[in-house]
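# Close look at the chain arrangement
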Amino acid sequence: VLELKPSSIDSNFNTTLQVCGFPKCFATAWVLLTFFFPSYLGLDTILISSNIIANFCCEPAGWVQTKSIHISCPKESASSKFLAPYTTFSRIHTKSITCLDISSGGGLGVSSSSDGSMKIWQASNGELRRVLEGHVFDVNCCRFFPSGLVVLSGGMDAQLKIWSAEDASCVVTFKGHKGGILDTAIVDRGRNVVSGSRDGTARLWDCGRSACLGVIADCGSSINGVAVGAADNSINLGSPEQTPSEREVGTESKMLLLAREDKKLQCLGLQSRQPVFLFIGSDAFNCCTFLSGFLLLAGTQDGNIYQLDVRSPRVPVQVIHRSGAPVLSLLSFRDGFIASQGDGSCFIIQQDLDYVIELTEADCDPVYKVATWEKQIYTCCRDGLVRRYQLSDL
């Protein structure tokens, strides 16, 4: 192993690093490590595995580049693997990219930007395929339907739209919200969709008839994130007070999770409309996702990631806090999850790994959204770049 000490720099090392977005000297790298990983504070040394020594001990005339670095601190049981992007797409948008998604087959990507545009592009190389025009003002969220041929979007114009990915035509427009739509969720194969809005309501929509099937929740506070998940058989979702519409397809045995601005995380039966639980967090909830039929995650504005068990939600299973930056997105991934924050950090935590995977190069620009396809991970950032990471590079 190599002992990297903050008090000295070995003259044999090239002090310029072209790996994983580190700054240009070891001393700064140390500051970066201790800033993002408080568990490293107060240590005299950090142990770096021997397989990266060659990447640092290179001749000044040449470069040895790597896509990943594994840094561990056995004393504190802290270990992280930093992964650099496999490729970066810079020509899709010119301004901050607020949302993105990848089609079920992995061939296409869709993204929205603060410049008001929404575009479909080739996931392999970022080549532009279609421009989706029709929203007024910003497009806050966009996602593919399970077919990969249709896109759902929501904007500050309070409209929800469905688009053909093949010819960029808008085939359906839903109207009914009185405030900007901040997030959406697709129910099963997509006969129904859910939207959450600044007007404080979550609505269920019938895609076939372009109609609202009902207001699922009216909480009086902006709904920043929504998620739909299948409920474990042990969870009581209640019974609907009225017979559900025949146009509701796939809503039975489903939970709806709402991340609210008023520091509340609300869960209810999607078909029954009956409350399951209401959890109060430390700050506004920005995002949420289901990990299983009874486990969920929710992220707050002050940097907390709450893991809750729906069967006993009063006390969190755990609270993960890496920094005070807002948690902007959460995505279930394999047997863990991917999270991104407002300080540019984006990381993967998996149960079968004894280290955290750090997705690098966003610097301090917020990473707004993460999408995956197989071993590829895509992120969108305030710097206007889409980054693609290959887990095979680990």
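The name an unreviewed UniProt entry gives the protein chain is Proteasomal ATPase-associated factor 1, with Sciurus vulgaris as the organism. Taken from UniProt, the Subunit (unreviewed entry) comment for the protein chain reads in full: "Interacts with PSMC1, PSMC2, PSMC3, PSMC4, PSMC5 and PSMC6. Interacts with SUPT6H." Within the UniProt record for the protein chain, the comment given under Sequence similarities (unreviewed entry) is "Belongs to the WD repeat PAAF1/RPN14 family."

This next bit is on the overall build of the protein chain. For the protein chain, the helix and strand inventory stands at two helices and 32 strands. The 394 residues of the protein chain split such that 55% are buried. Considering only intrachain contacts with a sequence separation of at least 6, the fraction spanning at least 24 residues in the protein chain is 48%. Only carbon and sulfur atoms are counted for the fraction: they give 47% of the accessible area of the protein chain, which is about 17,100 Å².

Take the nonpolar core next. The tendency in soluble globular proteins is for nonpolar side chains to be buried as a group. Within the largest apolar cluster, 25 residues are counted, with the highest numbers of intra-cluster contacts made by V110, L132 and V193. Those elements that place two or more of their residues in this core are β7 (108-113), β8 (118-122), β10 (139-144), β11 (150-155), β12 (159-164), β13 (170-175) and β14 (181-187). With four residues, β10 is the single largest residue contributor to this core. Discounting residues that sit within four places of it in the chain, V110 has contacts with C99, L100, D101, M118, K119, I120, W121, L132, C142, R143, F144 and V151. Ranked by size, the runner-up nonpolar core spans 19 residues in total, among them L237, L257, C267 and Y306.

A separate point is the environment of L297. Inspection of the secondary structure assignment puts L297 in strand β23 (residues 295-300). As a C-alpha pair, L297 and V317 span 20 residues in sequence and 10.0 Å in three-dimensional space. The residues touching L297, leaving out its near neighbours within four places in the chain, are L257, C287, C288, T289, L291, I305, Y306, Q307, L330 and F337.

As a further point, take the UniProt feature "repeat: WD" (unreviewed entry) in the protein chain. In this numbering, the UniProt entry assigns the feature "repeat: WD" (unreviewed entry) to residues 90-131, 132-173 and 174-206. Within residues 174-206, the helical portion is 0% and the strand portion 64%, while the C-alpha atoms at the span's ends are 9 Å from each other.

Okay, the environment of S253 next. Among the structural elements, S253 can be located in the loop between β18 (223-230) and β19 (254-260). Discounting residues that sit within four places of it in the chain, S253 has contacts with G229, A230, A231 and L237.

A separate point is the side chain of N224. In this fold, N224 is placed in strand β18. Residue class for N224 comes out buried when judged on its relative accessible area of 15%. A polar contact of 2.8 Å, which involves the side chain of N224, links it to the side chain of E261.

One open sheet holds the four strands; their spatial order is β6-β7-β8-β9, and the pairing between them is antiparallel. Looking at the sheet topology across the chains shown, the edges are occupied by β6 (97-102) and β9 (128-131). The mean inter-strand angle of the sheet, taken between neighbouring strand axes irrespective of direction, is 20°. Both β8 and β9 contribute to a ladder of three bridges, which runs antiparallel. Along β9, the bridge assignment pairs W121 with L128.

Thresholds applied
Residues numbered from 1 in each chain as written. Predicted model: local features only at pLDDT ≥ 70, side-chain atom pairs only at ≥ 80, totals over all residues. Heavy atoms only, no water. UniProt positions renumbered as here; feature names shortened; annotations may be inferred. Helix = DSSP H or I, 4+ residues; strand = E, 2+ residues; numbered from the N terminus. Buried < 20%, exposed > 50% of the residue type's maximum accessible area, 1.4 Å probe, protein only. Contact = heavy atoms within 4.5 Å. Areas by Shrake-Rupley, 256 points an atom, 1.4 Å probe, with all protein chains shown as cover. Core = buried A, V, L, I, M, F, W, Y, C linked by side-chain atoms within 4.5 Å. Polar contact = N/O pair within 3.5 Å; in protein donor to acceptor, adjacent residues only side chain to side chain. Pairing = 2+ DSSP bridges. Axes fitted to C-alpha atoms, helices over the stretch in contact; angles between N-to-C directions.

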